[in-house]
Amino acid sequence: MTGEQKKRKVCASDLIEAAKLWLEYDRDDETRAVVEAALAAGDDAVLSGCFKKRIAFGTAGLRAQMGPGTARMNTLTVIQATQGLVRYVQEQNKGRKVLVVIGHDARHHSSQWAKHAAAVCVEAGADFHLYDTIVPTPFVPFAVTRLQAQAGIMITASHNPKDDNGYKVYWRNGVQIIPPLDTDIERSIVANQKPWSPKVWQADIRPHAEASQRLLREYLETVTRTLCSQRVANALSRPLFCYTPVHGVGLHATMSLFRMFGLPAPVVPESQANADPDFPTAPFPNPEEKGVLDQAQQKADAAGVPLVIANDPDADRMAVSEKGPDGTWLPFSGNEIGAMLGAWAWEKKPAGVPGDKCYMLASAVSSKFLKTMADAEGFRFEATLTGFKWMGNRTVDLTADGNTVLFAFEEAIGYMMGAPGILDKDGVSAAAAMGELAVSCYNDRGITLREYVTGLFVKYGWHVSINSYYISNDAAVTKQIFARIKNWPEKKVVEANGNKYPGELGGVEVQSVQDYDVGSDSFMTTFHFKNKATITLRTSGTEPKIKYYSEMVDPKGADGARRTLDKLVSACVEACLQPEVNGLLPARG
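Residues numbered from 1 in each chain as written. Predicted model: local features only at pLDDT ≥ 70, side-chain atom pairs only at ≥ 80, totals over all residues. Heavy atoms only, no water.

Engineer: Explanation requested: the sheet that holds strand β8 (residues 318-323) in the structure shown.
Structural biologist: Hydrogen bonds along the backbone pair up the strands of a sheet, which may run parallel or antiparallel. A sheet is described by the order of its strands in space; here four strands give the open sequence β6-β7-β8-β9, paired in mixed fashion. The sheet is open, and its two edges are formed by β6 (241-244) and β9 (329-331), each paired on a single side. Each strand of the sheet is rotated relative to its neighbour by a mean of 20°, with strand direction disregarded. As paired strands, β8 and β9 are joined by three bridges and run antiparallel to one another. Opposite Glu322, over in β9, you have Leu330 as the bridge partner. Across the sheet, helix α12 (residues 294-303) is in contact with β6, β7 (307-311), β8 and β9; its angle to β6 comes to roughly 150°. (Pairing = 2+ DSSP bridges. Helix = DSSP H or I, 4+ residues; strand = E, 2+ residues; numbered from the N terminus. Axes fitted to C-alpha atoms, helices over the stretch in contact; angles between N-to-C directions. Contact = heavy atoms within 4.5 Å.)

Engineer: Is there a simple way to think about the packing of helix α8 (residues 209-227) against helix α16 (residues 427-445) in this case?
Structural biologist: Helix packing geometry: the angle between the two helix axes and the distance between the axes. In the contact formed by α8 and α16, the axes pass within 11 Å of each other and the chain directions differ by 35°. The way α8 lies across α16 gives a crossing that is right-handed. In this structure, α8 uses Tyr219, Val223 and Leu227 to contact α16, whose residues at the interface are Val428, Ser429 and Glu436. Of the residues contributing to the contact of α8 with α16, the split by class is four nonpolar, one polar and one charged. (Left-handed = near helix turned anticlockwise from the far one by under 90°. Nonpolar A, V, L, I, M, F, W, Y, C, P; charged D, E, K, R; others polar.)

Engineer: Teacher, can you tell me more about the packing of aromatic side chains here?
Structural biologist: What describes a pair of aromatic rings is the distance from one ring centre to the other and the angle between the planes of the rings. Taken as a whole and judged by the stated rule, the model has 16 aromatic pairs. Where Phe142 meets Tyr219, the ring centres are 5.7 Å apart and the plane angle is 90°; that geometry is what we call edge-to-face. Of this pair, Phe142 sits in helix α6 (residues 139-147) while Tyr219 sits in helix α8, and the two are 77 residues apart along the sequence. With respect to burial, Phe142 and Tyr219 carry one shared label: buried. When the ring of Phe369 is compared with that of Tyr460, the centres are 5.7 Å apart and the planes differ by 90°; the resulting orientation is edge-to-face. Of the two residues, Phe369 is situated in helix α14 (residues 369-377) and Tyr460 in helix α17 (residues 449-460); the sequence distance between them amounts to 91 residues. We note that Phe369, like Tyr460, is buried. Taken together, the ring pairs connect Tyr131, Phe139, Phe142 and Tyr219 into an aromatic cluster. Between Arg87 and the ring centre of Trp196, over which it is positioned, the NZ or CZ distance is 4.3 Å. (Phe/Tyr/Trp six-rings, centres within 6.5 Å; stacked < 30°, edge-to-face > 60°. Buried < 20%, exposed > 50% of the residue type's maximum accessible area, 1.4 Å probe, protein only. Lys NZ or Arg CZ within 6 Å of the ring centre and 35° of its normal.)

Engineer: I keep staring at the environment of Ala419 and nothing clicks. Help me out?
Structural biologist: Tracing the sequence through the fold places Ala419 in the loop between β13 (414-416) and α16. Look at Ala419 and you get buried, because its relative accessible area is 5%. The sequence separation of Ala419 and Leu406 amounts to 13 residues, and the corresponding C-alpha distance is 8.5 Å. Residue contacts for Ala419: discarding those within four places in its chain leaves Val223 and Thr226.

Engineer: Looking at this model, I keep getting lost on the packing of helix α10 (residues 251-261) against α16. Mind explaining?
Structural biologist: Viewed as axis vectors pointing N to C, α10 and α16 meet at an angle of 40°, and their least axial separation amounts to 9 Å. Here α16 runs oblique to α10, going by the angle between their axes. For the element pair α10 and α16, the recorded crossing hand is right-handed. In contact with Ala253, Thr254, Leu257, Phe258 and Phe261 of α10, α16 contributes Val428, Ser429, Ala431, Ala432, Ala433 and Glu436. Residues belonging to the contact of α10 with α16 are distributed by class as follows: eight nonpolar, two polar and one charged. (Parallel < 35°, antiparallel > 145°, perpendicular 65-115°, else oblique.)

Function cannot be read off these values alone, since they describe shape.
Dropping the structure here:
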């Protein structure tokens, strides 16, 4: 037997042992049947897909395809995750009763898994609040802070395809967990893999209907009190909006908040209005993906309104599209929306709060427009690592020091509007804020949103971004790509962090490189060029994608910067990612 054959035999043996242990614990007939069939057939490919790893906390918690095994989302992994979380929370709160908030979206199994999570709380002697219906993701962190809970769980895979699901964890501060909490909780999950009792498999838990309705009212009232600044003007506006929840959970909350703001009621495309876990009109239900807004734009055309506002399926993100003078619909990028909402937040900042005590935040891969604006206007700006778990925790720290965080955003259409108790991206409050800004533009200023953002760039400088992604279905290939970037094979290099990076790309000198330590299977490298352009290559924390982000600032106009940046991005992608060599698939659409 060769060494490679021995290695494969050991690997297969490990998979078989993992599968047998799984069958000892699993009581779900559907997932058990798949594992039993794979063992009987000696199907290493299926076993590897199910048991090659244990899903770990990433940018947005646990997220994976639904199916059996430690590498998938299923009833047992939800039970194990909740056992580990609750036990860890109890250890951190000895002598005190623990309260956990639990919510879920409309995906397959989400409601059932939320009830299993509640059953674990019961078995552990912990209190819980279980929402009585599908809810937007930001409702969970809001309830954590409102109820002074010790943790929150949201069962969701956000905008992923229909076969995926996930498990987000919030800490007692209402923010997603960051290191070392995530690794501590993961260790607790591993130590609590065996289901504690047959009772955790029972999903007959009754949700808290009355408390859920009270929390909805409190959310609407909090956001309205904090963000609504012109209710009378909103009420006088002509119809402007079409809204789509993209088969998700946002319809009731967003329409309710529009009413609270006095905004004209949006029309809604019937084809996307109802929550549907199969996403029939949007196989990839991300409002950024080409074609996802087509149904809403057609409805807007029929209704004669110029704006489409969309949430993703768990309503924590928000997209905007506007009809141009030639009848063409033009979506705004996440960076453009961030610029508009940031400028609007500055216009409406609380009276009496000095500028040097006001902050705005953005993720490292997002536009630095707000930094340019901050330098000009006298407020403060900070960039954080990618993900609202970082921006939310930084907001907690800044607020504790007596500062006011007005706004935070990431280019992937995520926005935190500064409402108390909502320390995560929130597509519902962002939609209402955008609605109010649109009323101000169309009715009071006589301009479109496109003209508004253009005015911002004229005033503060044109911030041009070119962002997209490639699909990499092989994690080993992705790892090799970033290993090559850190050990560049050509002569001209930049040394940083003990590695050798490209010293020139597309004929432009690389002045410096930042390499972010974001985990063993996650990579992020930023190049700063002599011509003031920046390009970041990063693996997605939720999908098999290698993303690229770029920005260049030109005070004179966008066209020259865009041409220069487009050439540089193309050269960087070809040299660093080598899409054809590595079998990468281009962005959808």
